[in-house]
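# Structural characterization, general
Each chain, written out:
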Amino acid sequence: MRLFKRAAALQAYLRYQSEQGATIGFVPTMGALHEGHFELLRHSMKDNTLTVCSIFVNPTQFNDMRDLAHYPRMPEKDIAALARLGCEVLFMPFESEIYPEGLDAPPPQVALMGLDQTMEGIHRPGHFKGVVQVVHRLLQIVQPHRLYMGQKDYQQYRIVQHMVEQLALPVQVAMVPIVRQADGLALSSRNLRLSPKARAAAPRIYQVLKEVLAYVSRHPDADLAQLSQKAMDQLNAPPLKPEYFSIVNGTTLQPVRHLNEAESVVACTAVWAEDVRLIDNMILKWPQPIHATE
Ligand code: PAF
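A short tour of the structure in this document, coming up. The model shown is predicted, which means the values in this text are computed figures rather than measured ones.

Moving on to the nonpolar core. Among the nonpolar cores identified, the biggest contains 47 residues, and Val52, Phe91 and Leu147 are the most heavily contacted of them. Of all the elements, helix H7 (residues 127–142) adds the most residues to this core, at 9 residues. Core analysis: the next-biggest nonpolar cluster, separate from the first, contains 29 residues, Ala198, Val208, Leu240 and Phe245 among them.

Every residue close to the ligand is listed here: Pro28, Thr29, Met30, Gln61, Val134 and Gln156. Interatomic distance of 2.6 Å between a side-chain N/O atom of Gln61 and an oxygen atom of the ligand. Protein coverage of the free-state accessible area of the ligand, which is 290 Å², stands at 88%. When its residues are assigned to classes, the shell around the ligand shows 3 nonpolar, 3 polar and no charged.

The next thing to look at is H7. Taking 1.5 Å of rise per residue, the 16 residues of H7 would be expected to cover 22 Å, and the 22 Å separating its terminal C-alpha atoms lies within 8% of that figure. Within H7, 13 of the 16 residues are buried, which leaves the element mostly enclosed by the surrounding structure.

All chains considered together, the criterion is met by 5 aromatic pairs. Pairing Tyr154 with Tyr157 gives two aromatic rings, centres 5.6 Å apart and planes at 55°, and the pair type is tilted. Of this pair, Tyr154 and Tyr157 both sit in helix H8 (residues 154–166), separated by 3 residues, roughly a single helical turn. Taken as a pair, Tyr154 and Tyr157 share a single burial class, namely buried. With a centroid separation of 6.2 Å and 80° between ring planes, the pair formed by Tyr154 and Trp286 is classed as edge-to-face. Here Trp286 lies in the segment after strand S9 (276–285) and Tyr154 lies in helix H8, a separation of 132 residues in the sequence. The same class applies to Tyr154 as to Trp286, namely buried. One aromatic cluster in this structure is built from Tyr154, Tyr157 and Trp286.

The sheet built from 3 strands is open, its strands ordered S7-S8-S9 with antiparallel pairing. Edge positions in the sheet fall to strand S7 (240–249) and S9, since each of these pairs with one other strand and no more. Each strand of the sheet is rotated relative to its neighbour by a mean of 15°, with strand direction disregarded. Relative to strand S8 (residues 265–273), S7 runs antiparallel, the two being bridged by 9 bridges. Paired with Asn249 across the two strands is Val265, which belongs to S8.

By the definition in use, this model includes 13 salt bridges. When the shortest N-O distance is used, the salt bridge between Arg42 and Glu39 registers 2.8 Å. Of this pair, Arg42 and Glu39 both sit in helix H2 (residues 35–47), separated by 3 residues, roughly a single helical turn. Connected via shared salt-bridge partners are Glu35, Glu39 and Arg42.

Rules behind the numbers
Throughout this description, residue numbers start from 1 for each chain and increase along the sequence as written. Residue-level local features of this predicted model are given only where pLDDT is at least 70; pairs of side-chain atoms are given and counted only at 80 or more, and the full residue set underlies all totals for whole chains, interfaces and linings. Note that the side-chain values use all heavy atoms of the structure and ignore hydrogens as well as water. In this description, a nonpolar core means a group of buried Ala, Val, Leu, Ile, Met, Phe, Trp, Tyr and Cys residues linked to one another through side-chain atoms lying within 4.5 Å. Accessibility here uses a 1.4 Å probe with only protein chains present; expressed as a share of the type maximum, an area under 20% marks a residue as buried, one over 50% as exposed, and anything in between as partly exposed. Strands here are runs of E lasting at least two residues and helices are runs of H or I lasting at least four, both read from the DSSP assignment and numbered beginning at the N terminus. Only a single heavy atom is needed: when it lies within 4 Å of a molecule or strand, its residue is near that molecule or strand. Residues adjacent in sequence count toward polar contacts only when both atoms are side-chain atoms; beyond that, a polar contact is any pair of N or O atoms within 3.5 Å, and within protein one must be able to donate a hydrogen and the other to accept it. Only the protein chains shown count as cover for residues, and the accessible areas themselves come from Shrake-Rupley with a 1.4 Å probe. Each residue receives one of three labels: charged for Asp, Glu, Lys and Arg, nonpolar for Ala, Val, Leu, Ile, Met, Phe, Trp, Tyr, Cys and Pro, and polar for the others, Gly being one of them. Take the residue count of a helix, subtract one, and multiply by 1.5 Å to get its expected span. The rule is short: rings of Phe, Tyr and Trp, with Trp giving its six-membered ring, pair when the centres are within 6.5 Å, and they are stacked under 30 degrees, edge-to-face over 60, tilted in between. For two strands to pair, DSSP has to find at least two bridges joining them. Interaxial angles span 0 to 180 degrees and are taken between N-to-C directions of axes, which are lines fitted to C-alpha atoms, for helices over the stretch in contact. By salt bridge we mean one thing: a side-chain nitrogen of Lys or Arg within 4 Å of a carboxyl oxygen of Asp or Glu.

Okay, structure coming up:
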């Protein structure tokens, strides 16, 4: 595996590879890699001749500086895992490579049309502007053919897809389904912080999401606002405390009352398990079979 820290060196290498006919898949991460990331990388490695993974803990997407300071960093372990997996290129840039004009440089002009004003956006002000800023810059450097984003952060996936559409960037955005543990808990680096009691309760989130899917499959005209409220009640059992449970239009991220109001419908939730905030989601309706790459 080749490791680059400088954008110019990476670009020179990728330009050469593209001239040789390589297709480039890109998986941006903030490190502390787990099976969820590996799944993104496997999809990329299957679809492309060359896969670039980036590890960069992006300061502009943290609204809590303590969270940034405590974000897990384990570069040696990540490098070894990527090499074992067969990832061809790792980009671990210095901050000055991503933000040559400093952290306050203006982000790309993309109207997010309220996509950042719901769900995670309410609880993490400024977070998605930071995500858009860093993903845009990374795309500018890597110029991949395909970009892989996890369904686990559905709102992030949708906002990145929207940015790509708005700026007409020549990259295909692929969504890779959530990877779960055997009991249904969605993989996240935060799971490591769960106490035994919180860990035992956490799979309830997936069970409730599955119950919602089963219900709408049997009752396609169900009132989704009522169903969300019921899901909130079901999740509200210590040590779990739900923050939101929203059934939204998969494109606009606005709540929908009935399944027939949108082409795609996704149930999204954030739940506190003691002091750890977990997010998860379930696709209730999708226009075509879900493939990582279309
Ligand atoms: O999902 C993440 O790890 C980050 O938000 C991303 C997409 C790598 C941008 O920093």
